[in-house]
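# A structural walkthrough
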Amino acid sequence: MNKKSSNLDNKFASIDLGSNNCRLSIVDIENETKRDILRFSKVLNLAKNLTYNNEFTDEKISSVIKLFKIFAKKMKEFNVSNYRCVATHAFREAINAPMLIERIYKDTGIKVEIISTKEEARLCLKSNMVFRKKKNDFDLVLDIGGGSTELVLMKSLTNNCNIEDFEFISLPLGVINLSERIEVFGFDHVNSLLLKTISNFKNTNKKKINVIGSCGTVTSICAIHNNLKYYDKKKVDGVVMEIADIKKNCQRIKKMTKKEKINHPCIGKYRQELLDNGIIILESIIKIINIQNILVSDRGLIEGMIEDYKVL
């Protein structure tokens, strides 16, 4: 993908076809300065039931095609010629993912790229390098997604990180499929898998470390901790929470009734089960890794793709 000098070619669209949400961002980039043009997000819940049948249903396929037709229309409306569209865990799992990718391209002209766990980790890392520019004492990036969880060791990275510069692990467990895996395999088996995989991650349990939490679980905990009346990205992005406050709020949320969670302005009916699952994963990580502070990040693969494009 080559960037040209005209204003038209400075426009860039990034699409994150995730296991839970699908996000579109259109930006204008000039002299490495980003101006937001459009942001759009829709819950597709693609990872739901993949544990049981391993394929996307006709209903899910129709929802994806319908959404991508809207994306294609918006990209045409804003004269966007350069873009990147990535798909993650759900597409790595579903046996009919190649067919859906063909359909998307045929019906909308948008090419979807199924990325590896390593590339997913790299984009997540790249999106959060902005925090390293401000303060260089974060050791790990944590992303609890819909279908998988990534832990990325930052080591002594420079701001322009290469794929060889980090270690990572990816667990095939996220806020959507955790309940399904527990139902099929049992809690003890799933919890053992979590703890064993995290324990194998080197250089994380010898000293207290600082972590960047780049996921909805951490941003929601922060919003609840700050008693926000509604979720506000500006009031959570970049906030540093001590691990004691993270633990306290995890317990606070676990003690809430289902009705209380549904009525909470920063949780709601759809997110209450996802947050419960995210807390299970987060608490398993906290048991193994000696975390001191967590910096709350409302950034993800979208921002990683934009950062890549800015340096082309």
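Residues numbered from 1 in each chain as written. Predicted model: local features only at pLDDT ≥ 70, side-chain atom pairs only at ≥ 80, totals over all residues. Heavy atoms only, no water.

Angle between the axes and distance between the axes: these two values describe a pair of packed helices. Put simply, helix α9 (residues 216-225) and helix α12 (residues 268-288) touch, their axes get as near as 9 Å, and they point 105° apart. With respect to α12, the axis of α9 lies roughly perpendicular. Between α9, through Gly 216, Thr 217, Ser 220, Ile 221 and Ile 224, and α12, the contact on the second element is made entirely by Arg 271, Leu 275, Gly 278, Ile 279 and Leu 282. Of the residues contributing to the contact of α9 with α12, the split by class is five nonpolar, four polar and one charged. (Axes fitted to C-alpha atoms, helices over the stretch in contact; angles between N-to-C directions. Helix = DSSP H or I, 4+ residues; strand = E, 2+ residues; numbered from the N terminus. Parallel < 35°, antiparallel > 145°, perpendicular 65-115°, else oblique. Contact = heavy atoms within 4.5 Å. Nonpolar A, V, L, I, M, F, W, Y, C, P; charged D, E, K, R; others polar.)

Let's shift gears to the pattern of salt bridges. Taken as a whole, this structure holds 17 salt bridges when the rule is applied. Note that Arg 181 is salt-bridged to Glu 93, the shortest N-O span being 3.8 Å. Of this pair, Arg 181 sits in helix α7 (residues 177-185) while Glu 93 is found in helix α3 (residues 89-93), placing the two residues 88 residues apart along the sequence. Note on Arg 181: relative accessible area 14%, which makes it buried. (Salt bridge = Lys/Arg side-chain N within 4 Å of Asp/Glu carboxyl O. Buried < 20%, exposed > 50% of the residue type's maximum accessible area, 1.4 Å probe, protein only.)

This part takes up helix α8 (residues 187-199). The end-to-end C-alpha distance of α8, which contains 13 residues, comes to 18 Å, matching closely the 18 Å that a straight helix rising 1.5 Å per residue would cover. Three or more residues of α8 are buried, namely Val 190, Asn 191, Leu 194 and Ile 198. Buried positions in α8, seen along its axis, are confined to an arc of 100° and lie on one side of it. For α8, exposure combined with an orientation more than 90 degrees from the buried face picks out Asp 188 and Lys 196. Looking at the buried residues of α8, the elements they touch are β7 (149-153), β8 (167-171), α7 and α12. (Expected span 1.5 Å × (residues − 1). Arc of directions from axis to C-beta.)

Further remarks concern the sheet that holds strand β11 (residues 291-296). One open sheet holds the six strands; their spatial order is β8-β7-β6-β9-β11-β10, and the pairing between them is mixed. Of all strands in the sheet, those with a lone pairing partner are β8 and β10 (240-242), marking the two edges. Going across the sheet, the axis of each strand differs from the next one's by a mean of 20°, ignoring polarity. Inspection of the sheet shows β10 paired to β11 by three bridges, in the antiparallel sense. From the neighbouring strand, Met 241 faces β11, where its bridge partner is Ile 294. Contacting β6 (140-144), β9 (209-213), β10 and β11, α9 crosses the sheet at an angle of about 90° to β11. (Pairing = 2+ DSSP bridges.)

Counting all residues, the mean pLDDT for the chain is 89, and 90% of those residues have values of 70 or more. By mean pLDDT, the top-scoring element of the chain is strand β5 (residues 113-114) (98), and the lowest-scoring one is helix α6 (residues 129-134) (75). (pLDDT = per-residue confidence, 0-100.)

All right, on to the pairing of β6 then. In terms of burial, β6 is largely enclosed, as five of its five residues are buried. Of the two faces of β6, both are covered, the one formed by Leu 140, Leu 142 and Ile 144 as well as the one formed by Val 141 and Asp 143. For β6 and β7, the ladder comprises five bridges, and the chain directions are antiparallel. Bridge pairing in β7 links Asp 143 to Glu 150. What sits between β6 and β7 in their antiparallel hairpin is a turn of four residues. Sheet analysis places β6 next to β9, joined by three bridges and oriented parallel. Its bridge partner being in β9, Leu 140 is matched across the sheet by Val 211.

Two descriptors summarise a pair of aromatic rings, namely the distance from one centre to the other and the angle between the planes of the rings. Overall, the coordinates contain five aromatic pairs when judged by the stated rule. Joined through ring pairs, the aromatic side chains of Phe 40, Phe 68 and Phe 71 make up one cluster. (Phe/Tyr/Trp six-rings, centres within 6.5 Å; stacked < 30°, edge-to-face > 60°.)

Attention shifts here to the pairing of strand β1 (residues 11-17). Burial analysis of β1 places seven of its seven residues in the buried class, the great majority of the element. Judged from the seven bridges that link them, β1 and strand β2 (residues 21-30) form a sheet pairing that is antiparallel. Bridged to Ser 14 within β2 is Ser 25. Between β1 and β2, which pair antiparallel and follow one another directly, the connecting turn spans three residues. The pairing of β1 with strand β4 (residues 82-87) spans six bridges and is classified as parallel. Residue pairing in the sheet places Asp 16 in a bridge with Val 86 of β4.

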